[in-house]
Amino acid sequence: MSEKNKTLIFLLLAVVLLGLAWYSTPSIPVLNVEEIVGKQLFEKFTDPLAIKRLEIVRRDSAGEKEEFRIVEVNGSWRIPSHDNYPADAKDQMGLIAESLISLKALDVAEKMNYNSNAKSTNASSIHSTYGVLDPTEDNATLNENVGVKVTIIGTNKETKIDETLVELIIGKAVETSENNQPESGNAINRYVRIAGQMPVYIVNIDVDRFSTKFDRWIEKNLLDIHSIDIAEIFIDDYSLDLQFTPERTLAVSINNVADLTIAYNNTAVGDQKWTLKKCMGYRGALREYYEKSLNNNEELNVETLDGLINSLNNLKIVNITKKPTKLAESLRNRESFDKIKPDESMFKAGFYLVATPDKNLKKDTEKIKLLANQGDLQLRMKDGICYNLRFGELTGTQTESDKNKNKDKNENKTNKDNDDTTMMENRYLFINADFDPSMIPPADIQQLPEIPTTGDQNVINTIKKERELKEKSNLREQERVAKAIESGKERVKKLSARFADWYYVISEDVYQKIHLTESSVIRIKTPSDNPSANKNSTTPNKTQPQNPAASPEINLPGTNGDFKLPLN
């Protein structure tokens, strides 16, 4: 075969191969902007009740991947990252479903032909420009070009199989003012894309609804109370000194200061809302427990007490730690503290079971009490429920300078929700509930008139009717009290189950508002309120405890002042 013929054959083969390659290469779909604009991005997602799992991923202030999940477990929402803590997600899930079901493309970021394959050559550059880089990618780093990824897993109505209904990456806000008008709430125009796809759309969405912060997904009213239902508060003002002995036991010394019972009347005005019912103090070398009253120049600190009420109405926790199973079971069954074995988790959180003298009994009688290293507060409700709040050890501290430093780093981030991710000091809080039937208003029993056996029949009939009415009234009152007691006992069971599993964590700011002491609720009157006071006096605004916690003389009646607990 001649060289000329060989060359022709090779050329012919090349043409054939080129044709085959062209024929087998998939066409690049052309994005028709007119077909996209105004249409829902997730046509499969139509039923909010189909949601079974929500996943949110972003990058934190250090560039680390931050993942948050809410899952449905036996009909209720749980947070897997926090030991399946119950999530108050009903309303928030509704808002998220509303945002995504109705999410429509207002426009396309670039009027050009898009390759639907997100791994195309120029994808990274385009996605970086609009801040829709996938935060789950290993090479994603902390910068304003990384978005927030939202994934919703739901059940397909027809197949009954779980599938991905939504997979969206939310990016930067659209800077053009004329194209960035909020439609509702905090929703603004932002760049987004569907994960795994190339096109970048413009939508109107509220990115704050997709928070990864634990405290945004839990019950805001932790105690589930309303201030109008508070009858009084009881402050057990003490602190603990802890020392390890050579025998590997923990010596717990109690620094008692005072016990205060303060009544609350929400219908009163100003200073009349609060009344000091009882104040017990300690005196002498034997720490005698005695009742005392306010001096002429002392008064209740109404502002501090009002601040307590405001904080309790929306008691906010920042984290939780799960209690050991055996301890949780004992608390759930409302066993007495003398049947509960102390464990290491309690010590670490700042809570101790200690045999202490019963201050209300004349004779030397001890009982096991749960003590906290920063004292107790009890809320006594009108329905007899008593919430015990015990303040424990510090956890998760951070300086203000560190907080501001991290905040400065986050000022330009896509999601402003991350600006307050850092915390100051946090503190453990132990909550349990009791029931005190004496808090329920007693039955208003009316004395029944005697029915005369002789005399005017009309008078006798009148007395009979009066007696019948009073008997019915007395019966209603007795039933009211019995029903209130039964209801209170049932409620305490539910509350005990609710609080049993968790050590709660509150911020130091919240702690300062709800942790009350004698010196914080009793203050020296100002000169205007106390004419006899010396205007030039340098006396501080708050009274000091008569027996400071730092006093070395700690000698409770019947003891040497030390209570030893085995460490194991």
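Per chain, residue numbering runs from 1 following the sequence as it is written. This being a predicted model, a pLDDT of at least 70 is required before a residue's local features are given, and a value of 80 or more before pairs of side-chain atoms are given or counted; all residues contribute to the totals for chains, interfaces and linings. Here the side-chain values reflect all heavy atoms present in the structure, with hydrogen atoms and water set aside.

Points about the overall build of the protein chain
Stage number 1. Along the backbone of the protein chain there are eleven helices and 23 strands.
Stage number 2. Buried means the residue's accessible area, taken with a 1.4 Å probe over protein chains only, is under 20% of the maximum for its type, while exposed means over 50%, and partly exposed covers the values in between. Split into buried and exposed, the 568 residues of the protein chain put 44% on the buried side.
Stage number 3. Here the analysis covers contacts within the protein chain between residues at least 6 apart in sequence; of these, 67% occur between residues at least 24 apart.
Stage number 4. Of the roughly 31,500 Å² that the protein chain leaves accessible, carbon and sulfur atoms contribute 49%. Elements are defined by DSSP. Helices are runs of H or I of four residues or more, strands are runs of E of two residues or more, and each kind is numbered from the N terminus. In this analysis, two residues are considered to be in contact whenever any of their non-hydrogen atoms come within 4.5 Å of each other. To measure how exposed things are, a 1.4 Å probe is used in the Shrake-Rupley method; for residues, cover is taken only from the protein chains shown.

A few points about the packing of aromatic side chains
Stage number 1. Put simply, two rings from Phe, Tyr or Trp (the six-membered ring, in Trp's case) pair if the centres are within 6.5 Å, and we call them stacked under 30 degrees between planes, edge-to-face over 60, tilted for the rest. In the structure shown here, the tally under the stated rule is 14 aromatic pairs.
Stage number 2. Between Phe347 and Tyr352, the aromatic rings sit 5.6 Å apart at their centres with planes inclined by 15°, giving stacked as the arrangement. Taken as a pair, Phe347 and Tyr352 share a single burial class, namely buried.
Stage number 3. Ring centres of Phe391 and Tyr511 lie 5.5 Å apart, and the angle between their planes is 70°; this geometry places the pair in the edge-to-face category. Here the residue Phe391 occupies a position in strand E19 (residues 385-395), and Tyr511 occupies one in helix H10 (residues 508-514), the gap between them amounting to 120 residues. The burial state of Phe391 is the same as that of Tyr511; both residues are buried.
Stage number 4. Taken together, the ring pairs connect Phe351, Tyr428, Phe430 and Tyr503 into an aromatic cluster.

Quick word on the sheet that holds strand E6 (residues 148-155)
Stage number 1. Two strands form a pair only when DSSP identifies at least two bridges running between them. Strand order in the open sheet formed by nine strands is E4-E3-E2-E1-E6-E7-E8-E9-E5, and the pairing between neighbours is antiparallel. On the outer flanks of this sheet lie strand E4 (85-86) and strand E5 (107-108), each paired with one strand and no other.
Stage number 2. Taken together, the two bridges between E5 and strand E9 (residues 201-205) define a ladder with antiparallel strand orientation. Counterpart to Asp107 in the pairing with E9 is Ile202.

Side note on the pattern of salt bridges
Stage number 1. Just to be clear on terms, a salt bridge is a Lys or Arg side-chain nitrogen sitting within 4 Å of an Asp or Glu carboxyl oxygen. On inspection of all chains with the given rule, the structure shows 26 salt bridges.
Stage number 2. Across the pair Asp134 and Lys149 runs a salt bridge whose closest N-O atoms are separated by 3.3 Å. Remark: Lys149 occurs in strand E6 and Asp134 occurs in the loop between helix H4 (123-129) and E6; sequence separation between them is 15 residues.
Stage number 3. When its relative accessible area of 10% is taken as the criterion, Lys149 is described as buried.
Stage number 4. The shortest N-O distance in the salt bridge between Arg380 and Glu232 comes to 2.9 Å. With Arg380 in strand E18 (residues 376-381) and Glu232 in strand E10 (residues 230-244), the pair connects residues that are 148 residues apart, well separated along the chain.
Stage number 5. You can call Arg380 buried: its relative accessible area is 17%.

Brief notes about the layout of surface pockets
If you roll a probe as big as a water molecule over the atoms, it shows you where there is empty space left.
Stage number 1. Buried and open spaces are told apart on a 1 Å grid over the protein atoms alone, a cavity being a set of points where a 1.4 Å probe fits but cannot get out and a pocket being an open set with protein on both sides within 12 Å along at least five of seven lines. Residues with an atom within 4 Å of a point are the lining residues. Grid points are joined across faces, edges and corners, and a volume is the space filled by probe spheres set on the points. By volume, the largest pocket is sized at about 1,000 Å³.
Stage number 2. Every residue lining the largest pocket is counted, 37 residues in all, and those nearest its centre are Lys367, Lys369, Gln378, Arg390 and Asp434.
Stage number 3. In this classification, Asp, Glu, Lys and Arg are treated as charged, Ala, Val, Leu, Ile, Met, Phe, Trp, Tyr, Cys and Pro as nonpolar, and every other residue, Gly included, as polar. Residues of the lining of the largest pocket, tallied by class, amount to 15 nonpolar, eight polar and 14 charged.

Considerations on the nonpolar core
Stage number 1. Phe45, Ile70, Leu100, Leu223, Ile233, Tyr387 and Tyr504 are the most contacted members of the largest nonpolar core, which has 85 residues in total.
Stage number 2. If we skip the residues at most four places from it in the chain, Tyr504 touches Tyr85, Leu222, Ile317, Asn319, Ile320, Arg427, Tyr428, Leu429, Ile431, Arg498 and Phe499.
Stage number 3. Here the nonpolar core consists of buried residues drawn from Ala, Val, Leu, Ile, Met, Phe, Trp, Tyr and Cys, with membership extended through side-chain atoms lying within 4.5 Å. One finds Tyr238, Val252, Phe337 and Met346 within the second-largest nonpolar core, a separate group that totals 25 residues.

Brief notes about the confidence of the model for the protein chain
Stage number 1. The predictor attaches a confidence to each residue, called pLDDT, with possible values from 0 through 100. Taken residue by residue, the protein chain gives an average pLDDT of 80. The fraction at 70 or more is 76%.
Stage number 2. Helix H8 (residues 400-409) is the least confidently modelled element of the protein chain, averaging 40 in pLDDT, while E18 averages 96, the highest of any element.
Stage number 3. Segment residues 25-29: pLDDT under 50, and four contacts once partners within four positions in sequence are set aside and those in other chains are kept.
Stage number 4. Between residues 398-423, whose pLDDT stays under 50, and residues either more than four places distant or in other chains, the model counts 47 contacts.

Details of the environment of Ile445
Stage number 1. Within the secondary structure, Ile445 sits in the loop between strand E20 (426-435) and helix H9 (457-499).
Stage number 2. On the basis of relative accessibility, which here comes to 43%, the residue Ile445 falls in the partly exposed class.

Quick notes on the environment of Leu300
Stage number 1. Mapping Leu300 onto the fold places it in strand E14 (residues 298-300).
Stage number 2. The exposure class of Leu300 is buried, given its relative accessible area of 10%.
Stage number 3. On a C-alpha basis, the gap between Leu300 and Val521 in space is 5.6 Å, while along the polypeptide they are 221 residues apart.
Stage number 4. Once you skip the residues sitting within four places of it in the chain, Leu300 turns out to touch Ile262, Trp274, Thr275, Leu276, Leu294, Leu305, Val521, Ile522 and Arg523.

Brief notes about H9
Stage number 1. One fewer than the residue count of a helix, multiplied by 1.5 Å, yields its expected span. Between its terminal C-alpha atoms H9 stretches 62 Å, which fits the 63 Å expected from 43 residues at 1.5 Å a residue.
Stage number 2. Within H9, burial applies to Ile460, Ile463, Ser473, Asn474, Glu477, Val481, Gly488, Val492, Leu495, Ser496 and Phe499.
Stage number 3. Contacts made by the buried residues of H9 are with helix H6 (325-332), E19, E20 and strand E21 (502-507).

With respect to unusual backbone geometry
Stage number 1. Unusually for a residue other than glycine, Asn74 sits at a positive phi of about 50°.
Stage number 2. Inspection of the secondary structure puts Asn74 in the loop between strand E2 (65-73) and strand E3 (76-79).
Stage number 3. The exposed category is assigned to Asn74, whose relative accessible area is 81%.
Stage number 4. Although it is not a glycine, Arg287 sits at a positive phi angle of roughly 55°.
Stage number 5. Inspection of the secondary structure puts Arg287 in the loop between strand E12 (274-283) and strand E13 (288-292).

A few points about the environment of Ser330
Stage number 1. With respect to the helices, strands and loops of the structure, Ser330 is situated in helix H6.
Stage number 2. Under the relative-accessibility criterion, Ser330 is labelled buried at 11%.
Stage number 3. With near-sequence residues (within four places) excluded, Ser330 lies in contact with Glu335 and Ile340.

Some remarks on helix H3 (residues 90-101)
Stage number 1. Along its twelve residues, H3 runs 16 Å from first to last C-alpha, staying within 8% of the 16 Å computed at 1.5 Å per residue.
Stage number 2. Burial in H3 covers these residues: Gln92, Met93, Ile96, Ala97, Ser99, Leu100 and Ile101.
Stage number 3. Against strand E1 (51-59), E2, E3, E6, strand E7 (162-173) and E9 lie the buried residues of H3.

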